[in-house]
Amino acid sequence: VQLQAFGGGLVQPGGSLRLSCAASGSIRMINGMAWYRQAPGKGRELVAHISSAGSINYADSVKGRFTISRDNTKNTVDLQMNSLKPEDTAVYFCNADGRLRNLDPFASWGQGTQVTVSS
């Protein structure tokens, strides 16, 4: 399964960006979809997760500013990021897990997209 992420870039503090990620391949079903991020010199951290049923969890640092959503018909997950702060600067990765058509489990990562928040 391949995940392709789009939408990173440079934005001023207080601005907005929308990240999108599309999963492709021999997919039977996708369980969880998520966005992680990794800032320079730091470990990868969970930003937001959404289950197949729509249950959502956010990191405390992004609650009220970021919104995760998914389209199960298109196998996509988006992350709307508002009121961006310099500390949101990181490489953002999408993640998905589920079952292939042959029923084998999968867990895949996207290639990462850079988000830089700076004036």
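How each quantity is defined
- Residues numbered from 1 in each chain as written.
- Predicted model: local features only at pLDDT ≥ 70, side-chain atom pairs only at ≥ 80, totals over all residues.
- Heavy atoms only, no water.
- Helix = DSSP H or I, 4+ residues; strand = E, 2+ residues; numbered from the N terminus.
- Rg over C-alpha atoms; globule rule 2.2 N^0.38 Å.
- Buried < 20%, exposed > 50% of the residue type's maximum accessible area, 1.4 Å probe, protein only.
- Contact = heavy atoms within 4.5 Å.
- Lys, Arg positive; Asp, Glu negative; His and termini not counted.
- Charge placed at Lys NZ, Arg CZ, Asp CG, Glu CD.
- Pairing = 2+ DSSP bridges.
- Polar contact = N/O pair within 3.5 Å; in protein donor to acceptor, adjacent residues only side chain to side chain.
- Axes fitted to C-alpha atoms, helices over the stretch in contact; angles between N-to-C directions.

### Side note on the overall build of the protein
Link 1 in the chain: Assigned secondary structure in the protein consists of 0 helices and 11 strands.
Link 2 in the chain: Relative to its length of 119 residues, the protein is compact, with a C-alpha radius of gyration of 14 Å against a globular reference of 14 Å.
Link 3 in the chain: Dimensions of the protein, computed from the C-alpha atoms along their principal axes, are close to 50 × 25 × 25 Å.
Link 4 in the chain: Out of the 119 residues belonging to the protein, those deemed buried represent 40%.
Link 5 in the chain: Summarising the internal contacts of the protein: among those between residues at least 6 apart in sequence, 55% fall at separations of at least 24.
Link 6 in the chain: In the protein, 12 side chains carry a positive charge and 8 a negative one; their mean positions are 3 Å apart.

### Focus on the pairing of strand β11 (residues 113–117)
Link 1 in the chain: What you see with β11 is a clean split: T113, V115 and V117 sit on the buried side and Q114 and T116 on the side with no burial.
Link 2 in the chain: Relative to β11, strand β9 (residues 90–100) is paired through 3 bridges, and the arrangement is antiparallel. Directly across from V91, in β11, lies its bridge partner Q114.

### Concerning the environment of T73
Link 1 in the chain: With respect to the element layout, T73 can be found in the loop between β7 (66–71) and β8 (76–81).
Link 2 in the chain: What makes T73 exposed here is its relative accessible area of 71%.
Link 3 in the chain: Among the polar contacts made by the side chain of T73, one reaches the side chain of D71 at a distance of 2.5 Å.

### Examining the side chain of N95
Link 1 in the chain: Here N95 shows up in strand β9.
Link 2 in the chain: Overall, the relative accessible area of 13% leaves N95 in the buried class.
Link 3 in the chain: A distance of 3.3 Å separates a polar atom in the side chain of N95 from the backbone oxygen of S108.
Link 4 in the chain: Apart from residues no more than four positions distant in its own chain, N95 is found in contact with L3, G32, M33, A34, Y36, S108 and W109.

### As for the environment of N102
Link 1 in the chain: Inspection of the secondary structure assignment puts N102 in the loop between β9 and β10 (105–109).
Link 2 in the chain: It is 8.3 Å that separates the C-alpha atoms of N102 and S26, two residues lying 76 residues apart in sequence.

### With respect to the sheet that holds β8
Adjacent strands of a sheet pair through backbone hydrogen bonds, lying either parallel or antiparallel.
Link 1 in the chain: Across the sheet, which stays open at both edges, the 4 strands sit in the order β1-β3-β8-β7 with antiparallel pairing between neighbours. Bordering the open sheet on either side are β1 (2–6) and β7, each of which pairs with just one other strand. Pairs of neighbouring strands in the sheet enclose a mean axial angle of 15 degrees, with direction left out of account.
Link 2 in the chain: Relative to β8, β7 runs antiparallel, the two being bridged by 6 bridges. Residue pairing in the sheet places I68 in a bridge with L79 of β8.

Remember, this is a structural readout, not a statement about activity or role.
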